[in-house]
Amino acid sequence: QVQLVESGGGLVQAGGSLRLSCVASRITFSIHDMGWYRQAPGKQRELVAVISSGGSTNYADSVKGRFTISRDNAKNTVYLQMNNLKLEDTAVYYCNARYRLLGTNSWGQGTQVTVSS
């Protein structure tokens, strides 16, 4: 069973930065598309950023220019660098691994990001 473990969340002031990490195990990491999603209280889970197995990236409009997703296949790790954080970025951030060929989809347990004024 795929295991995804997120870390790096925390409390930060508006305008600050955080870097989230997600380490994957029991997975052929390099063939998976990896993504970050978030869910704020009372809202649906939404896509933040994805990076394909080939390295292509896609971002939600709300984070473009502020967040950067990257991956290190040698470390089975995907990162989300978050700069210029805003109050509305407060949410639980989830790591996702998707293997398009088989349609499999796995989630981490989430890490809380809280942005204060």
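Everything numeric in this text was worked out from a predicted model, so none of it was measured. (Residues numbered from 1 in each chain as written. Predicted model: local features only at pLDDT ≥ 70, side-chain atom pairs only at ≥ 80, totals over all residues. Heavy atoms only, no water.)

Student: Before we go on, may I ask you to explain the side chain of D33 in this structure?
Tutor: Here D33 lies in strand β4 (residues 33-39). Note on D33: relative accessible area 8%, which makes it buried. Within the local environment of D33, its side chain forms a polar contact with the side chain of R100, the two groups lying 2.5 Å apart. If we skip the residues at most four places from it in the chain, D33 touches I51, S52, S53, R71, N96, A97, R98 and R100. (Helix = DSSP H or I, 4+ residues; strand = E, 2+ residues; numbered from the N terminus. Buried < 20%, exposed > 50% of the residue type's maximum accessible area, 1.4 Å probe, protein only. Polar contact = N/O pair within 3.5 Å; in protein donor to acceptor, adjacent residues only side chain to side chain. Contact = heavy atoms within 4.5 Å.)

Student: Quick question: what am I supposed to make of the pattern of salt bridges here?
Tutor: Any two side chains of opposite charge can pair, on the condition that their charged atoms come close. Overall, the coordinates contain 6 salt bridges when judged by the stated rule. Among the ionic pairs, R38 bridges to E46, the shortest N-O distance being 2.7 Å. Under the relative-accessibility criterion, E46 is labelled partly exposed at 36%. Two residues, R66 and D89, come together in a salt bridge whose shortest N-O distance is 2.7 Å. Within this pair, whereas R66 is found in the loop between β6 (57-59) and β7 (67-72), its partner D89 is found in the loop between β8 (77-82) and β9 (91-99), the two being separated by 23 residues in sequence. The exposure class assigned to R66 is buried, which follows from its relative accessible area of 8%. The exposure class of D89 is buried, given its relative accessible area of 0%. Counted as one network, the salt bridges with shared partners bring together R38, E46, R66 and D89. (Salt bridge = Lys/Arg side-chain N within 4 Å of Asp/Glu carboxyl O.)

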